[in-house]
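Analysis of the macromolecular model
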Amino acid sequence: MITIIKRFVILMIGSALVLSCVKLDPPDRSIKPNEKLNEISVPGNFNWSTSMNVEVSITGLPTVIEIKNTLKITLTDGTTLYSALHKMSENIKISLTVPNETSSLIIIYGATQQNIPIVDKKAEFSFIPVVTDDEV
Amino acid sequence: MKTKLLSILVFIVFTPGVALSQVTLNAESGNRAIEVGNCWQFAGQTYTSLTSEVLSGSFSLISGQMNSFSLTNSFIKTPWMKIGSGNITFIARIGNQPNTVARGVRVSYIPYNSTSSSTGFEGTLTTFYTRDFNVSDLNTVTVIAPIPAAIANSTSLYKILVSFVGQGGSGKIMSDNYIFPGTYWSNPSNSCQPLPVVVVTDTDGDGVPDAQDEYPNDPYRAYNSYFPGQTSFGTLAFEDNWPLKGDYDFNDVVIGYNIKTITNAANQVVDLVASFRLLASGASFSNGFGFQIDGIAANKVSKVTGNKPGTMPMAANGVEVGQAFANIIVFSSFFGEMIRPGVGIGVNTDKAGPYITPTNMQVVVNFINNGVIPPGGAVTLGQLNFSALNFFIFVNGDRGTEIHLPDRMPTERVNPSLFGTGDDTSNPGAGRTYKTANNMPWAINIVQGFDYTIEKAAINEAYNFFIEWAISGGSSYANWFLNLPGYRNAELIY
């Protein structure tokens, strides 16, 4: 009888010990990678980015007196990417990060607001106006 | 420290002695467009560099053929000016052509009329000088037109119109070396309207008028620039099993970001305000997150606030110690900032678990503190383009196991012995990092924002054109992440 009780107690204690073990999740270093993604061939120079760097070149206008005003470069939705006090006579190159689908930027300077296209990740603007022979 | 007085500035005019006593035109720019940009107007006039036509220097003005006595057929017109006193002078010569009947010049003034926007604010013209040239005299002559008393030294604004008239023959009129006594008073940046007559208010005296200053009462701040938008957030999504491949659900750490750069009137960066949303972490690891500002020395930072580096050692200015470039540890443990609900793995990747409101963090990296530039010097806006921000996670408290976007350089705290092990094929010396043998990454950055996948759902299973985008090198399905018909399997997106 006592032997049975002893065995029962041992069995109960043993069960409790087994069931109470808290198994910590080990770092999962055996994740099975996605097979399809392992098989595709991605170009080595692909940067996986949904944005691009655009170089904006601004040509200054030699002015009679120093003219400073706020230069803003925005996306077409109005987001200001660049805002700074700028001399109208100064040439400047600015590198901006824009979403990949961006095809043009907006330059705002004083009363000037002009949409400039992005071509081969470059955009250009000049403060020197285009003058035709019959310009008045 | 600047005192905040009401500073009266004519903000456009900075150069001492800018009130010029003369306005001149000599064509030496060689490009009429430059004069037009400076508010001169021309009709029937071009620049010539022909030796037979140049009167002075390398270029002179030359008219077209003269067959009209209209004042508006062939002219030069000055910008808005405050007229001085004395004489308007220039030199001129008639071109040698037969059948010339008459050649002459007329000089007029045009007053500013603030009510006449339809005429460019030009009022009624008054001719005050007339000269008819001797058509047989082919020498260069000096034209001297006395400024009339009615406008001399006036505080009002005028333009001067010099008109060339004539009849017969094809001979043109060359001219050069124009001198108009007075002060240039036009604004090329404001549609050639006059410079402000009323002084412009610049309350904080930083040189940026209040109307343009986004911080009109703060002399140390002036402008805001944003990425990816003023209120929109991009998304960073990481796998944390590097250098081994993960399951490509790209939800082990998912963070939204918005960057605002605050600059001063000198276009120096004062603050970088980085707002983060801790969206999800479908991971067993509690990962840390930070960013390096590539190319910006650590001692160009004055202080960092809003971050939670925990017990990680930071320098006195708040950047991570022992790094040449500024490194900001945003948080050291994701699950220290967002508590796991205990259902599924991590937080906010298992639809069976409760949604936990994302934790928002705003980290401010201050570069110039109250106008004081730190020992490393100032940072310009051009130097702090968004592309300089090099985001990374570090895995489960192990600072050396850091994971960056593909081909971004690691920080100096990385454990370099991990490169090239497991599935990683990095060669940092060649600029290649964090890519597998078939160029798969361990992190992606969707600047337009991104709806991440549920736990264990690979990104290509949730987004039907992800693979097409990848194998095309980004040229196809560049908008793969958008919620367009057929683009996604919604049941696999959280």
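Whatever comes next refers back to the structure up there.
The structure reproduced in this document is the subject of the present report. (Residues numbered from 1 in each chain as written. Chains lettered and ligands numbered in written order. Predicted model: local features only at pLDDT ≥ 70, side-chain atom pairs only at ≥ 80, totals over all residues. Heavy atoms only, no water.)

Here we come to empty space enclosed by the protein. Applying the stated criterion across every chain, the model contains 2 cavities of 30 Å³ or more. Counted as a void, the largest cavity has a volume near 190 Å³. Every residue lining the largest cavity is counted, 18 residues in all, and those nearest its centre are L81 of chain A together with T261, L384, N385 and F386 of chain B. Contributions of two or more residues to the lining of the largest cavity are made by β3 (80–87) and β4 (92–99) of chain A together with β17 (223–227) and β19 (253–263) of chain B. No other element matches β4 of chain A, which puts 4 residues into the lining of the largest cavity. Classifying every residue of the lining of the largest cavity by side-chain character gives 12 nonpolar, 6 polar and no charged. The space that makes up the second largest cavity amounts to roughly 30 Å³. Forming the walls of the second largest cavity are P341, V343, I345, G346, V347, N348, T349, D350, G353 and P354 of chain B. (1 Å grid on protein atoms, 1.4 Å probe; cavity = no way out; pocket = protein on both sides within 12 Å on 5 of 7 lines; lining within 4 Å. Points joined across faces, edges and corners; volume = space filled by probe spheres on them. Helix = DSSP H or I, 4+ residues; strand = E, 2+ residues; numbered from the N terminus. Nonpolar A, V, L, I, M, F, W, Y, C, P; charged D, E, K, R; others polar.)

Residue and element names in this part refer to chain B. Ordered in space as β23-β21-β25-β26, the 4 strands form an open sheet in which the pairing is antiparallel. Each of the sheet's edge strands pairs with one partner strand only, and the pair in question is β23 (325–331) and β26 (398–404). In this sheet, adjacent strand axes meet at a mean angle of 35° when their direction is disregarded. Strand direction decides the pairing type here: strand β25 (residues 389–395) and β26, joined by 4 bridges, are antiparallel. Note that in β26 the partner of I393 across the bridge is I403. (Pairing = 2+ DSSP bridges. Axes fitted to C-alpha atoms, helices over the stretch in contact; angles between N-to-C directions.)

Our next topic: the sheet that holds strand β7 (residues 122–126) of chain A. All names here are of chain A. Sheet architecture is open: 3 strands sit in the order β4-β1-β7, paired in mixed fashion. For this open sheet the edge positions go to β4 and β7, each flanked by a neighbour on one side alone. The sheet shows a mean angle of 25° between the axes of neighbouring strands, direction not considered. Across 5 bridges, the pairing between strand β1 (residues 51–59) and β7 is parallel. Of the residues in β7, the one forming a bridge with I58 is F125.

Another aspect to go through is the pattern of salt bridges. All names here are of chain B. On inspection of all chains with the given rule, the structure shows 16 salt bridges over all chains. R399 is the partner of E402 in a salt bridge, and the nearest nitrogen-oxygen pair spans 2.5 Å. The two residues E402 and R399 agree in class, both being buried. (Salt bridge = Lys/Arg side-chain N within 4 Å of Asp/Glu carboxyl O. Buried < 20%, exposed > 50% of the residue type's maximum accessible area, 1.4 Å probe, protein only.)

For the rest of this paragraph, the subject is the state of the cysteines. Residue and element names in this part refer to chain B. Evaluation of the coordinates by the stated rule reveals 1 disulfide over all chains. Here C39 engages in a disulfide with C192; their sulfurs sit 2.2 Å apart. As the torsion about the S-S bond is roughly -85°, the C39-C192 disulfide counts as left-handed. A residue pair is termed long-range when its members are at least 10 positions apart, and C39 in the loop between α1 (32–37) and β3 (41–43) and C192 in the loop between β14 (186–187) and β15 (193–194) qualify at 153 residues. (Disulfide = S-S within 2.5 Å.)

Interface size is commonly expressed as the accessible area that is lost once the parts come together. The partner chain A presents 60 residues to the 77 residues of chain B that form the contact. Together chain B and chain A conceal approximately 5700 Å² of surface at their shared face, both sides included; 59% is due to carbon and sulfur atoms. If you look at where chain B meets chain A, you find 0 salt bridges. At the junction of chain B and chain A, the tally comes to 25 residue pairs in polar contact (both at pLDDT 80 or more). Put simply, the parts of the chain that give the side of chain B that touches chain A at least two residues each are α1, β3, β17, β27 (443–446), α3 (459–462) and α4 (466–471) of chain B. Classifying every residue of the side of chain B that touches chain A gives 42 nonpolar, 29 polar and 6 charged. (Contact = heavy atoms within 4.5 Å. Buried area = accessible area lost by both parts, 1.4 Å probe. Polar contact = N/O pair within 3.5 Å; in protein donor to acceptor, adjacent residues only side chain to side chain.)

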